[in-house]
Number of protein chains: 10
Amino acid sequence: MISNRDQVTQLILAAKVRKGLKWCDVAETIGLSKEWTTAGCLGQMKFDKAQAETLGKVFELSDEAVAWLQVVPYKGSLPTAVPTDPLIYRWYEMVNVYGTTIKELIHEEFGDGIMSAIDFSMDIQREQDPKGDRVNVVLSGKFLPYKSY
Amino acid sequence: MISNRDQVTQLILAAKVRKGLKWCDVAETIGLSKEWTTAGCLGQMKFDKAQAETLGKVFELSDEAVAWLQVVPYKGSLPTAVPTDPLIYRWYEMVNVYGTTIKELIHEEFGDGIMSAIDFSMDIQREQDPKGDRVNVVLSGKFLPYKSY
Amino acid sequence: MISNRDQVTQLILAAKVRKGLKWCDVAETIGLSKEWTTAGCLGQMKFDKAQAETLGKVFELSDEAVAWLQVVPYKGSLPTAVPTDPLIYRWYEMVNVYGTTIKELIHEEFGDGIMSAIDFSMDIQREQDPKGDRVNVVLSGKFLPYKSY
Amino acid sequence: MISNRDQVTQLILAAKVRKGLKWCDVAETIGLSKEWTTAGCLGQMKFDKAQAETLGKVFELSDEAVAWLQVVPYKGSLPTAVPTDPLIYRWYEMVNVYGTTIKELIHEEFGDGIMSAIDFSMDIQREQDPKGDRVNVVLSGKFLPYKSY
Amino acid sequence: MISNRDQVTQLILAAKVRKGLKWCDVAETIGLSKEWTTAGCLGQMKFDKAQAETLGKVFELSDEAVAWLQVVPYKGSLPTAVPTDPLIYRWYEMVNVYGTTIKELIHEEFGDGIMSAIDFSMDIQREQDPKGDRVNVVLSGKFLPYKSY
Amino acid sequence: MISNRDQVTQLILAAKVRKGLKWCDVAETIGLSKEWTTAGCLGQMKFDKAQAETLGKVFELSDEAVAWLQVVPYKGSLPTAVPTDPLIYRWYEMVNVYGTTIKELIHEEFGDGIMSAIDFSMDIQREQDPKGDRVNVVLSGKFLPYKSY
Amino acid sequence: MISNRDQVTQLILAAKVRKGLKWCDVAETIGLSKEWTTAGCLGQMKFDKAQAETLGKVFELSDEAVAWLQVVPYKGSLPTAVPTDPLIYRWYEMVNVYGTTIKELIHEEFGDGIMSAIDFSMDIQREQDPKGDRVNVVLSGKFLPYKSY
Amino acid sequence: MISNRDQVTQLILAAKVRKGLKWCDVAETIGLSKEWTTAGCLGQMKFDKAQAETLGKVFELSDEAVAWLQVVPYKGSLPTAVPTDPLIYRWYEMVNVYGTTIKELIHEEFGDGIMSAIDFSMDIQREQDPKGDRVNVVLSGKFLPYKSY
Amino acid sequence: MISNRDQVTQLILAAKVRKGLKWCDVAETIGLSKEWTTAGCLGQMKFDKAQAETLGKVFELSDEAVAWLQVVPYKGSLPTAVPTDPLIYRWYEMVNVYGTTIKELIHEEFGDGIMSAIDFSMDIQREQDPKGDRVNVVLSGKFLPYKSY
Amino acid sequence: MISNRDQVTQLILAAKVRKGLKWCDVAETIGLSKEWTTAGCLGQMKFDKAQAETLGKVFELSDEAVAWLQVVPYKGSLPTAVPTDPLIYRWYEMVNVYGTTIKELIHEEFGDGIMSAIDFSMDIQREQDPKGDRVNVVLSGKFLPYKSY
């Protein structure tokens, strides 16, 4: 019996390691970006029926698990409020150190409101650099203004 | 008597509102990006002597405050571990929802290591869009590999 | 010297009690809903120049305080993550007890996404009831869908 | 052996996904609002004997599970004090940003007391809107005054 | 300038110690129970005009402080979520050790609902006892049932 | 194998729902108050041999479980420091709002010391009231003075 | 104006350092143990009139401060739930590592109940030891049994 | 398969209750103090080979469990930072109320440094007292001075 | 089915105790330092294929477990933010007491930046000392400067 | 009036920036290592009379401040349990990632016990490296064994 999405994520991760799969190949198979595909496989997004069934074949999932992939999950991928993993912590640190800066500059340009984390996309790329390659990440989010009423 | 950088940040913010200044103009005056300049004025980065003195004139700071701008600050710009401000929270949410995705994709491309938050830069731009303008943010950080010993 | 919005909120609250003002009258004076006006006076929203100057007269604020009312504030009005005040706690309790219910029903109707807290309005009214009057609150937020990419 | 209500909630969720049920249909079957029905199925409310037995048929539950549905549960549906799920977080944010506003306006209208979260109902509806459909939520709670003694 | 109720509580406590007053005498002067009077003076309840003015004389408060006594305060009298003071901790311990017991017995007698902490009174008395006097506390709260809708 | 008291509490709760028992009847069977009996069955108190064996019959427990009922448990019945269940939260709120009041009034009557939560009893009764029945709770605890040395 | 005991503790500590006093001498002057005297001066215990007046002379306190020394304080001497100071942390560690051991051995000897922290005394002595002197602490607390009712 | 010390502690506790053993008898059997023996059986200390094998017979443990008893455990016996159990909480309260007192008196006698929690012993005894027996605890820890370098 | 690295760590620890292995011998077998080897076996680092297979033989792991050893783990080896284990706490205390000192001295020598915890190595050695042997730890991390942009 | 060590630390930091002093020069003046000197100036260690008086001249402190430098402070230099400053966080991360490794290796070499953080010294040096200079830190702490009793 599967009673939450976490159980499906565990099944996917086990299959991925056992079969030596790569996220970018999985993404290509279902025709979505590698960022969205990975987030979905890690239990943060839902898939439509066709995508879920393809993933079911890729990861050898039961019908029940495939059904769960089509349900909106309870989101949040980190086990603690302040992440302990060094890679993820660096992102938290960036929000902590630059958070008020980001806030000031977006408000200066757009006024009061937010940068959406829903109408949002992310693209992660390797940038060749002779002093050591860099990770380049482009984040794009719609600006949503507060409007008085 | 000034005994920590926070007091200087308070002076800068008070002057900024009182005089109606904009961060992008301040940045141009000292010849740095608006991101770095704002982070520094908000107490996250240190300035060299010439930059600090220029800022002293812009914000009408005392010599003591100008001296503090040249000292490495205790960093961290948020009052709580999970930010309450909606704009900054959306960034925390992005790390929370996409954190494991970012981790997986960087490791898939680069192996074990991190994306540096020190050898790092950020660029925030407005992207015109007929369905509503977007905030575009480019983050660039050097990849630092773990090497066994 | 005023170096953050909290100081202005304190000034407004002191004047309100000292002068015996009511939020609904203040709202009428500046021509906004009582909900937005109160949230703004409590440091959660910014006002435009005309509104801020009117508020300056109502609460006898200095020019510097009036300038701060026009700056986007760092939002968050509660001193603790779980509120201790019984009235506000009841709202937190409602989110805690009904949170997953709200999530399920919105997803059932709309699919994956959120109800915006930015493109959002609130209306609080008294409802006469022979068994004891009721507080009626209407919340309206735009649905923002996640779109895969 | 079933020793707490959570286990029944897990059984219900597993059956719901497996059988592709919708909350609004379940609600119609037992003759209660979709809000109350969902909250109850998610372990926040108790059902009477007839309702529980109907649910037992709908979700194919054992007699023991049906008995548990008639017991008052330990309430609280969220795994963390500050919710990580974006949809539920928006509600927490609304309480955080507007909490003191709600408090001020209810006290201005009613005096000291609270809006009940027990003698309370909620109605969630889709509002058609050309600029994007909206979620409309009406909350109704009895006002309970503090009386001195 | 007084900008929150805490400042008034500080003034009252300072005057109480300086003048050697007792809560039960203060209560008698304003004609309320000693429990309500003390809670109000400690910033948890509001007073009406006549009561506030009497307290103003008793504690030699300014007109501004007297005005604040008539405003509903942000409630919560403890500096930490788990109290450190031994007397108050014993009450927290009682809720922690007996909490589920209280819940079970009230539900067994009344069904689902709560014991109100708003329509509520408390009476604290000394009980003579040869083995050592006892503190007797009677708590009375209206039962508020959940009603399905 | 049973290795902690929680496992016995789970067995008791499962049996109670399965067999439709009431706490007040269980209490009568073992000849203790309903408050003490419930607290003990919920894992907060220990029973003597005869009581434990009687409970063993009532709840159909193994000899091992009966042995655990005679061992002093690690106490504390709530899963979080601030309870999420509405009924239990109201008690926590009472301690939070009235905590300093209780402290002041007990010290005014008795001097420095505490009201014992060990030499303590509790009695929960229904009080008929035309405006809605009330829950009446009498708490009685020995006063224990601090004595200087 | 003095409005809480902390302010008196600050005055005492300032005077103690300024005048180079020792706690054991202060204790002798007022005729109490050094443990009780220090705890009281640090804001954890109250003094009677004569003791308070003597302390007033020793630390050159105002009449108002002397009055506060005779009021029961809000207890708790540590700024964080887990102490950061190495000496105090070792005691917290002792409770953490040996806590369940202490519990088991007291229950084995006395049955269910507690060792009082109110009817309690402490004596701290230096023990000469050729391998390095030791701190010897004797704690004595009355055993208080739980009695069923 | 046993993969951590907690599992061994669970086995020991289950056997102790099942067989009705007492810690003081176990201690005598392995020739150590009852304090050390209990702490070790509760997973805080390691035993040497002979002691572990004796304990293996006493508690009927497998060879694997006996091997784990000889490995240094990850220490810390309490499930929460602030203990909920009343007996253990009284010790935490003692550290909280008297912590700064203990610090002041040890520093007054010994200078800067700590009382070791490693080179440490504890002895728990019953003290007969006509007014109610007392728990007497002697703690002895080597003083370790900070030495500048 | 293995679905996370923790499960592999548990298998390794169980095998290590069962077979009486030492980390330094394991390290020698796979040709890495004992510090890196231990960290990797405890789930903090990944191994290459040859190393993982050797470890698989040493600890008698399944092919699936060996595959997991080659995947970058979610790092963080401690169960709580403030460690409870005395040995590890001493390191946390060192960071707490000396943290600002380390910061000041590195900045004084190098300017703004960090000491890398990625391009980092550690060496732990016993130092003979007649007054008691010492643990000597050498930490070496590349300095990474902040560069303005 | 100075009533705690923090106030002296603030005075020292203000003077240090105002006068442009370096910690290594201060250390040389009072004849202690730069590590100890800095820790002491930041409020973690006490100084003897001669050292304190020298520091008084260096930082132009009042006699009262000089007296406070000779008193053992309440230690702990960080404002949050998990540090937000990137440099200090890297050390916390090192304890988090390598904590169980350090524990295993010290126990493997020395048996049960700890590495002292009191009988402890630290030396921070720059190491020239063509690929980027490194920070080298040597930590030396006496091993203190647990001895059974």
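A quick note: this is a predicted structure, and the numbers were derived from the prediction, not measured. (Residues numbered from 1 in each chain as written. Chains lettered and ligands numbered in written order. Predicted model: local features only at pLDDT ≥ 70, side-chain atom pairs only at ≥ 80, totals over all residues. Heavy atoms only, no water.)

1. Here we look at the overall build of chain A
Scanning chain A from N- to C-terminus turns up 6 helices and 2 strands. Going from the N terminus to the C terminus, chain A shows its helices and strands as α-α-α-α-α-α-β-β. Its C-alpha atoms give chain A principal-axis dimensions of roughly 50 × 50 × 30 Å. Out of the 149 residues belonging to chain A, those deemed buried represent 64%. Taking the intrachain contacts of chain A between residues at least 6 apart in sequence as the baseline, contacts between residues at least 24 apart amount to 52%. Roughly 5300 Å² of accessible area belongs to chain A as shown, and the carbon and sulfur atoms make up 50% of that amount. Of the charged side chains in chain A, 17 are positive and 20 negative, and the gap between their average positions amounts to 3 Å. (Helix = DSSP H or I, 4+ residues; strand = E, 2+ residues; numbered from the N terminus. Buried < 20%, exposed > 50% of the residue type's maximum accessible area, 1.4 Å probe, protein only. Contact = heavy atoms within 4.5 Å. Areas by Shrake-Rupley, 256 points an atom, 1.4 Å probe, with all protein chains shown as cover. Lys, Arg positive; Asp, Glu negative; His and termini not counted. Charge placed at Lys NZ, Arg CZ, Asp CG, Glu CD.)

2. Regarding the UniProt feature "active site" (unreviewed entry) in chain A
The positions UniProt marks with the feature "active site" (unreviewed entry) are Arg90(A), Glu93(A) and Ser116(A). Tracing the sequence through the fold places Arg90(A) in helix 6 (residues 86-110). With residues near it in sequence (within four places) discarded, Arg90(A) still touches Ile114(B), Met115(B), Ala117(B), Ile118(I), Arg90(J) and Glu93(J). For Glu93(A), the location among the structural elements is in helix 6. Residue Glu93(A) is classed as buried on the basis of its relative accessible area of 1%. Excluding anything up to four places from it in sequence, Glu93(A) contacts Tyr98(A), Ala117(B), Ile118(B), Tyr146(I), Pro86(J) and Arg90(J). (UniProt positions renumbered as here; feature names shortened; annotations may be inferred.)

3. A closer look at the relation of the copies chain A and chain I
Mapping chain A onto chain I leaves a residual RMSD of 0.0 Å; the transformation is a rotation of 72 degrees accompanied by 0.1 Å of translation along its axis. Expressed as an axis order, the relation between the two copies is that of a five-fold axis. Using C-alpha coordinates, one finds that chain A approaches the rotation axis most closely at Thr80(A), a distance of 8.5 Å. (Least-squares fit on C-alpha atoms with pLDDT ≥ 70 in both.)

4. Brief notes about the UniProt feature "domain: Cyanate lyase C-terminal" (unreviewed entry) in chain A
Those places that UniProt annotates as "domain: Cyanate lyase C-terminal" (unreviewed entry) correspond, in this numbering, to residues 77-149 of chain A. The straight-line gap between the two end C-alpha atoms of residues 77-149 of chain A is 36 Å; of that span, 34% is helix and 37% is strand.

5. A short note on the sheet that holds strand 2 (residues 134-145) of chain A
Read from one edge to the other, the open sheet built from 4 strands follows the order 1(A)-2(A)-2(B)-1(B), with strand pairing classed as antiparallel. Of all the strands in the sheet, the pair left with one neighbour each is strand 1 (113-127) of chain A together with strand 1 (113-127) of chain B. Ignoring which end each strand starts from, the neighbouring axes of this sheet average 20 degrees apart. Along the sheet face, helix 6 (residues 86-110) of chain B touches strand 1 and strand 2 of chain A together with strand 1 and strand 2 (134-145) of chain B and points at about 20 degrees away from the line of strand 1 of chain A. (Pairing = 2+ DSSP bridges. Axes fitted to C-alpha atoms, helices over the stretch in contact; angles between N-to-C directions.)

6. Some words on helix 1 (residues 5-19) of chain I
Owing to its 3.6 residues per turn, the α-helix aligns residues three or four sequence positions apart on the same side. The end-to-end C-alpha separation of helix 1 of chain I is 21 Å, in line with the 21 Å expected for 15 residues at 1.5 Å each. Within the span of helix 1 of chain I, buried status applies to Arg5(I), Val8(I), Thr9(I), Ile12(I), Leu13(I), Ala14(I), Ala15(I), Lys16(I) and Val17(I). Buried residues in helix 1 of chain I make contact with helix 5 (63-68) of chain H, helix 2 (23-30), helix 3 (34-41), helix 4 (49-59) and helix 5 (63-68) of chain I together with helix 6 (86-110) of chain J. With a side-chain oxygen lying 3.1 Å from the backbone nitrogen of Asp6(I), the N-terminal cap of helix 1 of chain I falls on Asn4(I). Phi turns positive one or two residues past the end of helix 1 of chain I, at Gly20(I), with a value near 65 degrees. (Expected span 1.5 Å × (residues − 1). Polar contact = N/O pair within 3.5 Å; in protein donor to acceptor, adjacent residues only side chain to side chain.)

7. Points about the interface of chain A and chain I
Taken together, the 16 residues of chain A in the interface contact 15 residues of chain I. At the boundary of chain A with chain I, total buried surface from both sides reaches about 1200 Å², with 63% on carbon and sulfur atoms. The largest contributions to the chain A side of the interface with chain I come from Gln10(A), Val17(A) and Asp85(A), which together make up 36% of the buried area. At the boundary of chain A with chain I, the tally comes to 0 salt bridges. Counting across the chain A and chain I interface gives 3 residue pairs in polar contact (both at pLDDT 80 or more). Those elements giving two or more residues to the side of chain A that touches chain I turn out to be helix 1 (5-19) and helix 6 of chain A. Classifying every residue of the side of chain A that touches chain I by side-chain character gives 10 nonpolar, 2 polar and 4 charged. (Buried area = accessible area lost by both parts, 1.4 Å probe. Salt bridge = Lys/Arg side-chain N within 4 Å of Asp/Glu carboxyl O. Nonpolar A, V, L, I, M, F, W, Y, C, P; charged D, E, K, R; others polar.)

8. Observations concerning the arrangement of the chains
At the C-alpha level, the nearest point of chain B lies 16 Å from chain E, with no contact between them. Taking C-alpha atoms only, the smallest gap left between chain C and chain G, which are not in contact, amounts to 16 Å.

9. Brief notes about the pattern of salt bridges
This structure, assessed with the given rule, holds 98 salt bridges over all chains. Salt-bridge contacts for Arg18(C) lead to Glu60(C); the nearest nitrogen and oxygen are separated by 4.0 Å. Of this pair, Arg18(C) sits in helix 1 (residues 5-19) while Glu60(C) is found in the loop between helix 4 (49-59) and helix 5 (63-68), placing the two residues 42 residues apart along the sequence. On the accessibility criterion, Glu60(C) (55% relative accessible area) is exposed. The salt bridge partner of Asp119(G) is Arg134(H), with a shortest N-O separation of 3.0 Å. Remark: Arg134(H) occurs in strand 2 (residues 134-145) and Asp119(G) occurs in strand 1 (residues 113-127); the pair is interchain, linking two chains.

10. Points about the domain arrangement of chain A
Structurally, chain A comprises domain 1 (5-68) and domain 2 (86-145). With centres defined by C-alpha atoms, the gap from domain 1 of chain A to domain 2 of chain A works out at 26 Å. (Domains from an automatic or database assignment.)

11. Quick notes on the state of the cysteines
Residue and element names in this part refer to chain I. In total, this model carries 0 disulfides over all chains according to the counting rule given. Free of any disulfide, Cys 24 has its nearest neighbouring cysteine sulfur in Cys 41, separated by 12 Å. Taking the relative accessible area as the measure of exposure, Cys 24 reaches 29% and is therefore partly exposed. (Disulfide = S-S within 2.5 Å.)

12. Re the sheet that holds strand 2 (residues 134-145) of chain I
Sheets are built from strands that pair by backbone hydrogen bonding, the pairs being arranged parallel or antiparallel. Strand order in this open sheet of 4 strands is 1(I)-2(I)-2(J)-1(J), and the pairing throughout is antiparallel. Bordering the open sheet on either side are strand 1 (113-127) of chain I together with strand 1 (113-127) of chain J, each of which pairs with just one other strand. Going across the sheet, the axis of each strand differs from the next one's by a mean of 20 degrees, ignoring polarity. Of the strand pairs in this sheet, strand 1 of chain J and strand 2 (residues 134-145) of chain J are connected by 11 bridges, and their pairing is antiparallel. Directly across from Gln125(J), in strand 2 of chain J, lies its bridge partner Asn136(J).

13. Examining the packing of aromatic side chains
Each aromatic ring pair is characterised by the separation of its centres together with the angle its planes make. Overall, the coordinates contain 53 aromatic pairs over all chains when judged by the stated rule. Measuring from ring centre to ring centre gives 5.7 Å for Tyr149(D) and Trp36(E), while their planes differ by 70 degrees; the resulting arrangement is edge-to-face. Linking Tyr149(D) in the segment after strand 2 (134-145) with Trp36(E) in helix 3 (residues 34-41), this pair reaches from one chain into another. With relative accessibility at 22%, the residue Tyr149(D) sits in the partly exposed group. Look at Trp36(E) and you get buried, because its relative accessible area is 5%. When the ring of Trp23(I) is compared with that of Phe59(I), the centres are 6.5 Å apart and the planes differ by 55 degrees; the resulting orientation is tilted. Highlighted residues: Trp23(I) in helix 2 and Phe59(I) in helix 4, separated in sequence by 36 residues. Here Trp23(I) matches Phe59(I) in class, with each residue buried. Geometry around Phe110(G) places Arg126(H) over its ring, the cationic atom sitting 4.2 Å from the centre. (Phe/Tyr/Trp six-rings, centres within 6.5 Å; stacked < 30°, edge-to-face > 60°. Lys NZ or Arg CZ within 6 Å of the ring centre and 35° of its normal.)

14. Observations concerning the packing of helix 2 (residues 23-30) of chain B against helix 3 (residues 34-41) of chain B
All names here are of chain B. At a closest axis distance of 9 Å, the pairing of helix 2 and helix 3 adopts a crossing angle of 100 degrees. As summarised for this structure, helix 2 and helix 3 are arranged roughly perpendicular, according to the angle between their axes. Where helix 2 approaches helix 3, its residues Trp 23, Cys 24, Val 26, Ala 27 and Ile 30 are matched on the opposing element by Lys 34, Thr 37, Thr 38 and Cys 41. Taken together, the residues of the contact of helix 2 with helix 3 break down into 6 nonpolar, 2 polar and 1 charged. (Parallel < 35°, antiparallel > 145°, perpendicular 65-115°, else oblique.)

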